Each structure stands twice: as C-alpha cells, then as structure tokens.
Amino acid sequence: MELLIVRHAIAVEREEFAATGRPDGDRPLTDYGRRRMRKNARGIHRIAPRLDVVGASPYLRAADTARIVAETSGVERLETIDALTPDHHPRDLLPWLSQQDPGATVAVVGHEPHLGALVTWLVGGRDGVNAEFKKGGACLLRFDGRIDAGTAVLQWMLTPAQLRAIAD
C-alpha cells in the first residue's frame, strides 16, 4: 500500500475566525488557499497519478482540501475519518487503513502537528514529531506488508512550492 499524506491548505487565521464564535472545526479555507491547493493537487497528481480513496479529518478546512485532491485525481471515494483530528494518536488511523486494499494508493488529509506525528510513528516507530508539513504540503509512504509503527518507508516529502513547480 502507498499512503499519501497531505496537510490542509491555507485557512482563515485562527484568531480571526475565533471572533465569529464558531468552533475551530468550521474554519474554512481562504480563496487564496483554494487556488494554491488546486495547483498543489495538480503537482500531486503528476507524481502520484493513481489514488483509490481520499480520507479527511472532519474539520472543514481538511474536508475541503480533500475534495480538491479527489477532484484533481478523479477519485470518487471520499471518506471522513475522525482519527485524523489533532487529538488522536497515530495508531487510531490503523483500523481505517487496514480496511483498504493492500495494493491501493490511499490519501489522507489532516492537520499539523498530528500529521508530522503520524509520519514519525509510521516510519520511525516512535511517538514524537520529526516531520513537518507546510499548509498544502504532502508526502508519500510505502508499506510492503503490515501497516504499523515503524513499518513505512518514506518515498518523498514535498513542500507546496515544490508541488506547484511539478504542476507546471
């Protein structure tokens, strides 16, 4: 299995959105963030052309980013995954991953520092954060068998600017 991990695109600033009184999970992408993510997604599609399913945190900014990735890659299967919210441990994603086809290329969209912790746990087999994602950045992990802590191999990790350069 291959696992594409994507951080959500640029969203409305937390402090600005807090003034609305609405929960942070409802914080949307900015128009600028959407435009940049569409180009990032084209770069992702050039280097990971086949995606079978896209899963996203239920937070609006991640769900909207996941839709952009899915539309760009022609993916019809878009799922909401509570385990991608920032308060979950990376192991909480394993039940969902284990339900996917072993030969699939699966994408997930979430938040920092949770995604950095996910990569650290899957590649390094330990808790902590040794990877950072910029908004709209992505990485690809490969599993040659069992999906668990320390079993992933990092294939690539790219910044949003690198993804946009690939898109051109």
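Look up a bit, the structure's there.
Residues numbered from 1 in each chain as written. Predicted model: local features only at pLDDT ≥ 70, side-chain atom pairs only at ≥ 80, totals over all residues. Heavy atoms only, no water.

**Student:** It is not clear to me how the overall build of the chain should be interpreted in this structure. Could you clarify?
**Tutor:** The helix and strand tally for the chain stands at six helices and six strands. Counted from the first residue to the last, the chain has its helices and strands arranged as β-α-α-β-α-β-α-β-α-β-β-α. The globule rule puts the C-alpha radius of gyration for 168 residues at 15 Å, and the 15 Å found for the chain is close to it. For the chain, the spread of C-alpha atoms along the principal axes amounts to about 45 × 35 × 30 Å. Counting all 168 residues of the chain, 50% fall into the buried class. Intrachain contacts of the chain at a sequence separation of at least 6 include 68% that bridge at least 24 residues. A total accessible area of about 7900 Å² is found for the chain, and carbon and sulfur atoms account for 48% of it. Side-chain charges in the chain split into 22 positive and 22 negative, and the spacing between the mean points of these groups amounts to 6 Å. (Helix = DSSP H or I, 4+ residues; strand = E, 2+ residues; numbered from the N terminus. Rg over C-alpha atoms; globule rule 2.2 N^0.38 Å. Buried < 20%, exposed > 50% of the residue type's maximum accessible area, 1.4 Å probe, protein only. Contact = heavy atoms within 4.5 Å. Areas by Shrake-Rupley, 256 points an atom, 1.4 Å probe, with all protein chains shown as cover. Lys, Arg positive; Asp, Glu negative; His and termini not counted. Charge placed at Lys NZ, Arg CZ, Asp CG, Glu CD.)

**Student:** How should the nonpolar core be read in this particular structure?
**Tutor:** What tends to happen in soluble globular proteins is that the nonpolar side chains get buried as a cluster. In this structure, Leu3, Ile5, Leu93 and Leu122 are the most contacted members of the largest nonpolar core, which totals 25 residues. For this core, the elements supplying multiple residues, two or more each, are β1 (2–7), α4 (94–98), β4 (105–110), α5 (114–124) and β5 (138–143). With near-sequence residues (within four places) excluded, Leu122 lies in contact with Leu3, Leu94, Leu141, Phe143, Asp148, Ala149, Gly150, Thr151 and Ala152. (Core = buried A, V, L, I, M, F, W, Y, C linked by side-chain atoms within 4.5 Å.)

**Student:** How do you make sense of the side chain of Ser57 when you look at a structure like this?
**Tutor:** One can find Ser57 in the loop between β2 (53–56) and α3 (60–73). Only 3.1 Å separates the side chain of Ser57 from the backbone nitrogen of Tyr59, close enough to count as a polar contact. (Polar contact = N/O pair within 3.5 Å; in protein donor to acceptor, adjacent residues only side chain to side chain.)

**Student:** Explanation requested: the pattern of salt bridges in the structure shown.
**Tutor:** Two side chains with opposite charge may pair up if their charged atoms get near one another. If you walk through the whole model with that rule in mind, you get nine salt bridges. Where Asp24 meets Arg27, a salt bridge forms, and the shortest distance between an N and an O atom there is 2.8 Å. Classification of Asp24 by relative accessible area gives partly exposed; the value is 29%. For Asp144, the salt bridge identified is with Arg142, shortest N-O distance 2.8 Å. Residue Asp144 is classed as exposed on the basis of its relative accessible area of 63%. Exposure remark for Arg142: the relative accessible area of 28% places this residue in the partly exposed category. A single network of salt bridges, built from pairs that share partners, joins Asp24, Arg27 and Arg61. (Salt bridge = Lys/Arg side-chain N within 4 Å of Asp/Glu carboxyl O.)

**Student:** Just checking my understanding: could you explain the packing of helix α2 (residues 31–47) against helix α6 (residues 160–167) for this structure?
**Tutor:** The description of two packed helices rests on the angle between their axes and on the distance between the axes. At a minimum axis separation of 7 Å, α2 and α6 run at an interaxial angle of 70 degrees. In terms of orientation, α2 and α6 fall into the roughly perpendicular class. As for the relative orientation of α2 and α6, their crossing is left-handed in sense. From α2, Arg36, Lys39, Asn40, Arg42, Gly43, Ile44, Arg46 and Ile47 reach across to α6, where they touch Pro160, Leu163, Arg164, Ile166 and Ala167. Classifying every residue of the contact of α2 with α6 gives six nonpolar, two polar and five charged. (Axes fitted to C-alpha atoms, helices over the stretch in contact; angles between N-to-C directions. Parallel < 35°, antiparallel > 145°, perpendicular 65-115°, else oblique. Left-handed = near helix turned anticlockwise from the far one by under 90°. Nonpolar A, V, L, I, M, F, W, Y, C, P; charged D, E, K, R; others polar.)

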